[in-house]
Amino acid sequence: MNLKDISTSVHKKDHKGKVSGQLAYISDVKVENMVYGVLYRSPIAYGKIISIQLPNLPDGYEAVGAEHIPGPNYVKIIKEDQPIFANEWINYIGEPILMLVGKDLDTLYSLLNEVKIEFEEHQAIYTLDEAIKNKSTTACLASYEFGESLENISEIEQGAHQIIEEEYDTGYQEHVYLEPQGMLGIYKDDEIVVQGSMQCLYYIKNALLSALACGDDEVRVVQSPTGGGFGGKEDYPSMMACHVAVAAKVVKKSVMLVFDRSEDMAVTTKRHPAKLKYRTALDKEGNILSMCVDIFLDGGANTGLSSVVLQRALINSAGVYKIPHFHAKGFCLKTNTVPNGAFRGFGAPQSFAGIESHIGHLSKLANIEPLEYKRKYLVKQGDPTITKGKFRDPILMEEMIEDLLNVSDYNKKKGEFQRFNQQNQRYKKGIGTSLFLHGCGFTGSGERDHIKATVKLVKSKDDKVSLKISNSDIGQGILTTLCKIVAKELDLPYEEILYPYPDTKEVPDSGPTVASRTTMIVGKLLERAAKKLKCKWQIGVEQEIVENYVHREMIPWDEKTFTGDAYPAYSWGVNIVEVEVDRLTGNVKLQKVYCNYEVGKVIDERIMKGQIDGGLAQGLAYGYLEKMTSKQGKIQQKSISDYGPPTSLDVVSIESKVFDNPYADGPYGAKGAGELTLIGGAPAVQAAIEDALQTSFQQIPITPEVIIESLWMREGEEVD
Amino acid sequence: MIKFTLNGRTVETVAPATERLLDLLRDEFELIGTKEGCGEGECGACSVFVNNLLQNSCLIPIGSIDGADIQTIEGIMETEQFKILDESYSIAGGVQCGYCIPGMVMASAALLSKTPHPSEAEIREGISGNLCRCTGYNMIVDAIKLAAKKGDGLWQRK
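Residues numbered from 1 in each chain as written. Chains lettered and ligands numbered in written order. Predicted model: local features only at pLDDT ≥ 70, side-chain atom pairs only at ≥ 80, totals over all residues. Heavy atoms only, no water.

Engineer: Can you walk me through the overall build of chain B in this structure?
Structural biologist: What chain B contains, in helices and strands, is 6 helices and 5 strands. Listing each helix as α and each strand as β along chain B from the N terminus yields β-β-α-β-β-β-α-α-α-α-α. Rg of the C-alpha trace for chain B: 15 Å, near the compact-globule value of 15 Å for 158 residues, within the 12% margin. Summarising its shape, the C-alpha atoms of chain B cover approximately 45 × 35 × 25 Å along the three principal directions. Taken over 158 residues, chain B has a buried fraction of 58%. When contacts within chain B are restricted to residue pairs at least 6 apart in sequence, long-range pairs at least 24 apart make up 59% of them. Working note: accessible area of chain B is about 6,200 Å², and carbon and sulfur atoms make up 49% of it. Charge-centre separation for chain B: the mean point of 14 positive side chains lies 6 Å from the mean point of 21 negative side chains. (Helix = DSSP H or I, 4+ residues; strand = E, 2+ residues; numbered from the N terminus. Rg over C-alpha atoms; globule rule 2.2 N^0.38 Å. Buried < 20%, exposed > 50% of the residue type's maximum accessible area, 1.4 Å probe, protein only. Contact = heavy atoms within 4.5 Å. Areas by Shrake-Rupley, 256 points an atom, 1.4 Å probe, with all protein chains shown as cover. Lys, Arg positive; Asp, Glu negative; His and termini not counted. Charge placed at Lys NZ, Arg CZ, Asp CG, Glu CD.)

Engineer: What am I meant to see in the overall build of chain A here?
Structural biologist: A tally of helices and strands in chain A yields 20 helices and 26 strands. By the compact-globule yardstick of 27 Å for 720 residues, chain A fits well, its C-alpha radius of gyration being 26 Å. In terms of principal-axis extent, the alpha carbons of chain A reach across some 75 × 70 × 50 Å. The buried share of chain A, taken over its 720 residues, is 64%.

Engineer: Whenever I open this one, the interface of chain A and chain B confuses me. Can you help?
Structural biologist: Interface size is commonly expressed as the accessible surface area that is lost when the partners come together. Listed as interface residues are 53 residues of chain A and, on the opposing side, 44 residues of chain B. Summed over both partners, the interface of chain A with chain B comes to about 3,800 Å²; 55% of that surface belongs to carbon and sulfur atoms. A per-residue breakdown of the area chain A buries against chain B is headed by Val-19, Leu-178 and Ser-648 of chain A, which together make up 19% of the total. Linking chain A with chain B are 29 residue pairs in polar contact (both at pLDDT 80 or more). (Buried area = accessible area lost by both parts, 1.4 Å probe. Polar contact = N/O pair within 3.5 Å; in protein donor to acceptor, adjacent residues only side chain to side chain.)

Engineer: Help me understand the sheet that holds strand β6 (residues 116–121) of chain A in this model?
Structural biologist: Think of a sheet as strands paired side by side through backbone hydrogen bonds, with each pair either parallel or antiparallel. Residues and elements named next belong to chain A. Spatially, β4-β2-β6 is the arrangement adopted by the 3 strands of the open sheet, whose pairing is antiparallel. Whereas interior strands pair on both sides, the edge strands pair on one side only; in this sheet they are β4 (89–90) and β6. Pairing geometry for strand β2 (residues 47–53) and β6, over 6 bridges, is antiparallel. Across the sheet, residue Ile-49 finds its bridge partner in β6, namely Phe-119. (Pairing = 2+ DSSP bridges.)

Engineer: Please explain the pairing of strand β8 (residues 162–170) of chain A as it appears in this structure.
Structural biologist: The side chains of a regular strand alternate between both faces of the sheet. All names here are of chain A. As paired strands, β8 and strand β13 (residues 274–282) are joined by 9 bridges and run antiparallel to one another. Paired with Glu-167 across the strands is Lys-277, a residue of β13. Where β8 meets strand β26 (residues 699–700), 2 bridges bridge the pair, whose relative direction is parallel. Across the sheet, the residue bridging to Thr-170 is Ile-700, located in β26.

Engineer: How do you make sense of unusual backbone geometry when you look at a structure like this?
Structural biologist: Among all residues save glycine, negative phi is the norm, and among peptide bonds the norm is trans. Residue and element names in this part refer to chain A. For the bond running from Ile-700 to Pro-701, omega is 0 degrees, close enough to zero to count as cis. For Pro-701, the location among the structural elements is in the loop between β26 and α20 (704–719). Even without being glycine, Asp-463 reaches a positive phi, approximately 65 degrees. Among the structural elements, Asp-463 can be located in the loop between β17 (454–459) and β18 (465–468).

Engineer: Just checking my understanding: could you explain helix α15 (residues 518–536) of chain A for this structure?
Structural biologist: An α-helical turn contains 3.6 residues, so any two residues separated by three or four positions project in the same direction. Compared with the 27 Å implied by 1.5 Å per residue over 19 residues, the 26 Å span of α15 of chain A between its first and last C-alpha is a close match. Among all positions of α15 of chain A, only Thr-518, Met-520, Ile-521, Val-522, Gly-523, Lys-524, Leu-525, Leu-526, Glu-527, Ala-529, Ala-530 and Leu-533 of chain A are buried. (Expected span 1.5 Å × (residues − 1).)

Engineer: Explain the sheet that holds β13 of chain A here, please?
Structural biologist: Residue and element names in this part refer to chain A. Read across the open sheet, the 6 strands follow the order β7-β15-β14-β13-β8-β26; overall the sheet is mixed. Looking at the sheet topology across the chains shown, the edges are occupied by β7 (140–147) and β26. Taken together, the 7 bridges between β7 and strand β15 (residues 326–334) define a ladder with antiparallel strand orientation. Its bridge partner lying in β15, Tyr-144 is registered against Gly-330. Strand contacts of helix α4 (residues 150–158): β7, β8, β13, β14 (288–300) and β15, with the helix running at about 130 degrees to β14, the strand carrying the most contacts. Its contacts with the sheet put helix α9 (residues 348–366) on β8, β13, β14 and β26, and the angle it makes with β13 is roughly 30 degrees. (Axes fitted to C-alpha atoms, helices over the stretch in contact; angles between N-to-C directions.)

Engineer: What should I look at first to understand the side chain of Lys-484 of chain A in this one?
Structural biologist: By the element assignment, Lys-484 of chain A lies in helix α14 (residues 478–490). Side-chain polar atoms of Lys-484 of chain A contact the backbone oxygen of Ile-603 of chain A, separated by 2.8 Å.

Engineer: Which parts of the structure should I look at to understand the environment of Glu-40 of chain B?
Structural biologist: Within the secondary structure layout, Glu-40 of chain B lies in the loop between α1 (21–28) and β3 (47–50). Along the chain, Glu-40 of chain B and Ser-57 of chain B lie 17 residues apart, while their C-alpha atoms are 9.8 Å from each other.

Engineer: Could you clarify how one ought to interpret the nonpolar core in this entry?
Structural biologist: In a soluble, globular protein the nonpolar side chains are often hidden away together inside. Formed by 101 residues in total, the largest nonpolar core has its most connected members in Trp-572 and Ile-689 of chain A. The next biggest cluster of nonpolar side chains, apart from the first, holds 96 residues, and it includes Met-99, Val-219 and Val-251 of chain A together with Val-141 of chain B. (Core = buried A, V, L, I, M, F, W, Y, C linked by side-chain atoms within 4.5 Å.)

Engineer: Hey, could you run me through the environment of His-551 of chain A in this one?
Structural biologist: Residues and elements named next belong to chain A. For His-551, the location among the structural elements is in the loop between β20 (543–548) and β21 (569–582). Considered as a pair, His-551 and Ser-445 are 106 residues apart in the sequence and their alpha carbons are 8.8 Å apart. Reaching out from His-551, the side chain makes a polar contact with the side chain of Tyr-549 at a distance of 2.9 Å.

Engineer: Quick question: what am I supposed to make of the side chain of Arg-220 of chain A here?
Structural biologist: Residues and elements named next belong to chain A. Note on placement: Arg-220 falls in strand β11 (residues 219–223). What makes Arg-220 buried here is its relative accessible area of 18%. Here Arg-220 is in contact with Lys-188, Glu-191, Ile-192, Val-193, Val-194, Asp-503, Thr-504 and Lys-505, once residues within four sequence places are set aside.

Engineer: What is the right way to read helix α19 (residues 681–693) of chain A from this model?
Structural biologist: Residue and element names in this part refer to chain A. The terminal C-alpha atoms of α19 lie 19 Å apart, and with 13 residues this matches the ideal 18 Å at 1.5 Å per residue to within 8%. Counting buried positions along α19 yields 12 of 13 residues, so the element is predominantly enclosed. For α19, the complete set of buried residues consists of Gly-681, Ala-682, Pro-683, Ala-684, Val-685, Gln-686, Ala-688, Ile-689, Glu-690, Asp-691, Ala-692 and Leu-693. At the C-terminal side of α19, Gln-694 shows a positive phi close to 50 degrees.

Engineer: Mind showing me how you'd approach the pairing of β11 of chain A here?
Structural biologist: All names here are of chain A. The element β11 is largely enclosed, with a buried count of 5 among its 5 residues. Across the two faces of β11 the burial is the same, with Val-219, Val-221 and Gln-223 and Arg-220 and Val-222 all buried. Relative to β11, strand β10 (residues 192–196) runs parallel, the two sharing 5 bridges. The partner of Val-194 across the bridge, within β11, is Val-221. Between the parallel elements β10 and β11, the chain passes through helix α5 (residues 201–212) in a crossover that is right-handed. (Right-handed = clockwise from strand over helix to strand, strands pointing away.)

Engineer: Sorry if this is basic, but what is going on with the confidence of the model for chain B here?
Structural biologist: Segments scoring low in pLDDT should not have their predicted coordinates read at a detailed level. Averaged over all residues, the pLDDT of chain B is 97; the fraction at 70 or higher stands at 99%. Predicted as a complex, the structure gets a pTM of 0.98 and an ipTM equal to 0.98. (pLDDT = per-residue confidence, 0-100.)

Engineer: Can you help me understand the pattern of salt bridges in this one?
Structural biologist: Side-chain pairing between opposite charges can occur once the charged atoms of the two side chains come close. The final tally for this structure, using the stated rule, is 54 salt bridges over all chains. Among the ionic pairs, Lys-412 of chain A bridges to Glu-416 of chain A, the shortest N-O distance being 4.0 Å. Of the two residues, Lys-412 of chain A and Glu-416 of chain A both sit in helix α12 (residues 410–423), 4 residues apart, roughly one turn of that helix. Looking at Glu-416 of chain A, the relative accessible area reads 34%, which means it is partly exposed. Glu-87 of chain B is the partner of Lys-150 of chain B in a salt bridge, and the nearest nitrogen-oxygen pair spans 2.7 Å. (Salt bridge = Lys/Arg side-chain N within 4 Å of Asp/Glu carboxyl O.)

Dropping the structure here:
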């Protein structure tokens, strides 16, 4: 490839198929002898199944349930607490109990209405607040504690000028990938092939090996083009894969399970709602002396990935700041609600929303401009992390902040908005900032101990090179970026590098497509493999290069004491957001968005811009637009417009810049970028709304209702 | 029996009048470019032209299309206008997961046919019925601006 700089954009590999609509997603696939599956889901939140009565099923229709699972009845993930088909205890509304399988979907839905299940209902726990209140009796799915001893902190607090306590709440966030979840179990005499929309082929394969209790060559997982993931297709597809695979074995036909939007919204995983408590000791000038953070996550009905989400939330609990005398603990509590799971950012968005909000409020007490106050505590190269790891690489945050202040004309705007607000009663303008980072790759020793990634490059006789890896292009563009890396190393035209949709029969386990790890970890392995292939290149000969992950040991991570280097590297970001708030309706209108990022080295500028715009749109909306609630264990938003993700009218143009800071262990210096871009949106939008209204909020999303209520309360106080 | 024009050809179906146009297109005519994202007319992934007007095919019972002229993404794929959009979406980087894109392209074509030189506000309005979760829309807005420029003179309907 003749690109002088790897960052120069190229035509995307999958463009043609996508723009024409002719690339087949899973719901576009039809195979011979295919039948559909529909799931009977629990109408109760917590209780026991007493009896199941099935209707008379017509010819060709069958019911599939727990009794048909050859292996143990759980979806293999981390803990063994998620049944494939619940057959005893029910833990949430929507939990699958059995599947009806047959040719015609309308017939299946009417049969589903005739299934009669008798339950013995028990008292459920519906909310995180209830779970916290009953903490001694509620199941704790995970907990960690670390930092300076509480005795030390208590001593510091005794000498402090004042102690500030704040509680902060964050809500659900729904992925709204445009393509609803779908999975097809293809029946063959000697194997079951599971094909569908997914991020993690080997998570699914391992779940199938367990559920089907079968040999390695009896199951195969193939990714279909995937219409968005954002974490929503990290863990959930494993359950659907178990459903279609078990059913295909029973009916000896291929079984398709595709959700419609309302089913997808009601039962698939979401971002964990969280409560974050801050207790900070200040001196007379408002300087921070110590800080304690408690984080509570609503895990929903089972563990899933929640323990790892909690870890990331805790590791980010001090934000980008060096806080003297810091202590944190976190709990993920069980509620009888839909299980929560992975979502772009994976615990970090909650933590950054909380800490940015808290630090912003502390700056007001100190009577120092928020950004100036934040900069006093900004971590620098060489500083320890809160888990006694180290920020090893250069940190460009000061430079990035300075640049963005200039680009946005921040200081001038502050003055302009103040004058505007004095002259206007109804409309108020505000500007807010957020500073953030994202740890790239798996938390702790995940890459070394659990994933152990392997990649393969295969060269055919006609000298075509194919990537054999298990990572999914879910829209983030890795079909293009990873091929670019290999093409550049081999000095071949990028068009000649092949990366077919992965199939576990063909590809080794290069790990899941999660945790902003694909470019940095898998990309680096591919770069190394390509270097080797280049050295060994023989024209007209079939060749294969395998490359395994090698862990660069730093300060070893210890999950028990929660100490060590939590991540090998960090990506960084600064956001500045301007809003206009309508005091009459509570509506918030974005005016301008500015952002600077540092992700090591960009592999494709255009693709990076896509990650920035898309991630920020999700992150901003998390702060003020997207609201999902659960009542008596039931998700209240049944349709996309009930929930309210941004439309083209909600987003404004985003001015962005990416700073170069090559990282030695990333391909061409690249680090992770996918999640980082979401994280700063919500805290910046909150800060901007607070600036406009000269008030403080202790929650996101800050919806019009929240704004109006806060204005009323203030008016009430003023009248008093 | 329902008879209508589909991508320039006269076709007929015996499917029940209450069947959704979306299902008819996908199941009977195997036109997979029309996608289902919500089934409630909120996301625009199933956008088609019904008598030259942009419509969500998930909301249309086929009983109402007797005699109508239906065009899907497959029907416009060979046109000059599509080629311009294809190229513009690529240059602007408007495509990520791709699931919303055929519908988005239909909406872009509809907008440009009506307003060949749209302002940014008109573009945002024109695609506001089509949801995209990947791009944050800006690169799609850029694609449409580019298509307006590149396809100058092509967009006016005869």
